[in-house]
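One letter stands for each residue in the lines below.
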Amino acid sequence: MRILCLGDIVGRPGRDAVIAGLFRLRRELEIDVVVANGENASGGLGITVKAASQLLSCGVDVITSGNHVFKHREILPFFETTDRLLRPGNYPPGTPGGGLGVYRLEGTPPFAVMNLLGRTYMDNLDCPFRVADEIIGRIPGDVAVRLLDLHAEATSEKKAMAYYLDGRISALCGTHTHVQTNDAQILPYGTAYITDMGMSGCVHSAIGMDPQAVIRRYVTGMPQRFVLARGPVELQGVLLDIDAGTGKTVHIQTWRHACQG
């Protein structure tokens with residue numbers, strides 16, 4: 001089973017690139033499932049109903065998110081209409097949406113996708129380690145392929161979670177920093193890991209934004225209105241080859257695709 005996981009889609013540049021090219025990439029790479037983090041898909045912060053619907057119609061099977069998922073309040077009712085948009089599972093009870101999706105798509109082995117938010121330098125939500133235990137306990141026994149998007153700031157928190165879950169999930173793919181890391185690996189008990197998959201957005205940017213506005217903020221210490229960068233776009237993520245019977249990953253590789261136009 002081959003799965004493509006995409007790092008944070010940033011604004012219209014990243015979103016348009018996914019919409020324009022994903023069906024072709026799925027065919028060329030023989031991809032069974034695509035999971036993409038979409039929490040920055042609309043204007044660089046949050047996700048709207050329009051953006052979510054576009055991504056789910058262009059070849060993305062499941063959208064994960066993070067700390068900006070509720071930036072646009074219009075998205076709240078959307079969680080009641082689909083199980084293909086996830087929010088971090090360690091938000092308080094009663095929060096719209098959920099952090100686990102179990103999917104049985106035609107022609108594809110069943111798989112589960114989980115979404116959690118780290119706490120170090122982030123919002124003080126419920127413990128992601130305890131919630132991970134609870135979520136994994138709800139996955140049906142016949143679903144061996146289990147993916148986790150841990151949206152977190154601290155490398156140590158992501159790495160600790162990976163070892164905590166090693167052998168219980170197929171892969172932990174980190175998001176949030178928008179910078180692809182060089183540590184894709186398979187842990188001793190078969191769980192694939194990468195600290196951060198990177199982003200799908202403009203290459204010449206400060207994590208997707210116009211670098212000049214970001215520079216002014218650092219140089220002056222004054223608030224600045226960030227705007228999306230322009231220019232060449234790259235899709236970034238990881239390719240996973242997973243044994244659907246055991247749930248163990250047999251191969252992980254970082255993946256980058258320069259988009260035309």
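Predicted, not measured: the structure shown is a model, and the values here were computed from it.

Engineer: Tell me about the nonpolar core, residues and numbers included.
Structural biologist: Counting residues in hydrophobic clusters, the biggest one holds 35 residues, and the most contacted among them are Leu4, Leu6, Val18, Val60, Ile63 and Leu235. At the level of elements, β1 (2–6), α1 (11–29), β3 (33–37), α2 (49–57) and β12 (233–242) are the ones that each hand at least two residues to this core. Judged by nonpolar contacts, the second largest core, of 21 residues, contains Met1, Ile3, Cys5 and Tyr103.

Engineer: Go over the pairing of β3, please, and point to the residues and values.
Structural biologist: Counting buried positions along β3 yields five of five residues, so the element is predominantly enclosed. The alternating pattern of β3 places Val33, Val35 and Asn37 on one face and Val34 and Ala36 on the opposite face, and all of these are buried. In the sheet, β3 pairs with strand β4 (residues 62–64) via three bridges, with the strands oriented parallel. Residue asparagine 37 lies in a different strand from β4, and its bridge partner there is threonine 64. Handedness of the β3-α2-β4 crossover: right-handed.

Engineer: I'd like a description of unusual backbone geometry, backed by residues and values.
Structural biologist: With a phi angle near 60 degrees, tyrosine 121 is a residue other than glycine that sits in the positive phi range. The backbone phi angle of histidine 178 is positive, close to 70 degrees, even though this residue is not glycine. As for its position among the elements, histidine 178 is in the loop between β8 (171–175) and β9 (185–186).

Engineer: Can you tell me about the layout of surface pockets, naming the residues and giving the values?
Structural biologist: Within this model, the largest pocket holds a volume of roughly 480 Å³. Among the elements that take part in the lining of the largest pocket, helix α5 (residues 211–220) stands out by supplying three residues, more than any other.

Engineer: Give me the packing of helix α3 (residues 128–136) against helix α4 (residues 155–165): which residues, what numbers.
Structural biologist: Where α3 contacts α4, the two axes come as close as 11 Å, and the packing angle between them is 35 degrees. Considering only the axes of α3 and α4, their crossing is right-handed. Side by side, α3 and α4 meet where Pro128, Phe129, Ala132, Asp133 and Ile136 of the first sit next to Glu157, Ala160, Met161, Tyr164 and Leu165 of the second. Of the residues belonging to the contact of α3 with α4, the class tally is eight nonpolar, no polar and two charged.

Engineer: Can you tell me about the side chain of threonine 82, naming the residues and giving the values?
Structural biologist: With respect to the helices, strands and loops of the structure, threonine 82 is situated in the loop between β4 and β5 (100–103). Reaching out from threonine 82, the side chain makes a polar contact with the backbone nitrogen of arginine 84 at a distance of 3.0 Å.

Engineer: Which residues make up empty space enclosed by the protein, and what are the values?
Structural biologist: Within the structure shown, the criterion is met by one cavity of 30 Å³ or more. Its volume calculated, the largest cavity comes out at about 80 Å³. Lining the largest cavity are 14 residues, and of these Cys5, Val35, Leu148, Asp149 and Cys173 lie nearest its centre. Mapped onto the lining of the largest cavity, the elements with two or more residues apiece are β1, β3, β6 (111–117), β7 (145–151) and β8. Of the residues belonging to the lining of the largest cavity, the class tally is eleven nonpolar, two polar and one charged.

Engineer: With reference to specific residues and values, describe the pairing of β6.
Structural biologist: A regular strand carries its side chains on alternate faces of the sheet. Most of β6 sits inside the fold, with seven of its seven residues counted as buried. Neither face of β6 is left uncovered, since the one carrying Phe111, Val113, Asn115 and Leu117 and the one carrying Ala112, Met114 and Leu116 both have all their residues buried. For β6 and β7, the ladder comprises seven bridges, and the chain directions are parallel. The partner of valine 113 across the bridge, within β7, is leucine 147. Where the polypeptide runs from β6 across α3 and back to β7, its parallel neighbour, the crossover connection is right-handed.

Engineer: Tell me about α2, and please be specific about residues and values.
Structural biologist: Quick reminder: α-helices carry 3.6 residues per turn. Residues three or four places apart thus point the same way. For α2, the full list of buried residues reads Ala51, Ala52, Leu55 and Leu56. Buried residues along α2 cover an arc of 130 degrees about the axis, so they all sit on one side. In α2, the exposed positions angled more than 90 degrees off the buried face are occupied by Lys50 and Ser57. Those residues of α2 that are buried are in contact with β2 (8–9), α1 and β4. Where α2 ends, the next residue or the one after it, glycine 59, has phi of about 120 degrees, a positive value.

Analysis parameters
Residues numbered from 1 in each chain as written. Predicted model: local features only at pLDDT ≥ 70, side-chain atom pairs only at ≥ 80, totals over all residues. Heavy atoms only, no water. Core = buried A, V, L, I, M, F, W, Y, C linked by side-chain atoms within 4.5 Å. Buried < 20%, exposed > 50% of the residue type's maximum accessible area, 1.4 Å probe, protein only. Helix = DSSP H or I, 4+ residues; strand = E, 2+ residues; numbered from the N terminus. Pairing = 2+ DSSP bridges. Right-handed = clockwise from strand over helix to strand, strands pointing away. 1 Å grid on protein atoms, 1.4 Å probe; cavity = no way out; pocket = protein on both sides within 12 Å on 5 of 7 lines; lining within 4 Å. Points joined across faces, edges and corners; volume = space filled by probe spheres on them. Axes fitted to C-alpha atoms, helices over the stretch in contact; angles between N-to-C directions. Left-handed = near helix turned anticlockwise from the far one by under 90°. Contact = heavy atoms within 4.5 Å. Nonpolar A, V, L, I, M, F, W, Y, C, P; charged D, E, K, R; others polar. Polar contact = N/O pair within 3.5 Å; in protein donor to acceptor, adjacent residues only side chain to side chain. Arc of directions from axis to C-beta.

Geometric descriptors of this kind do not, in isolation, establish any biological role.
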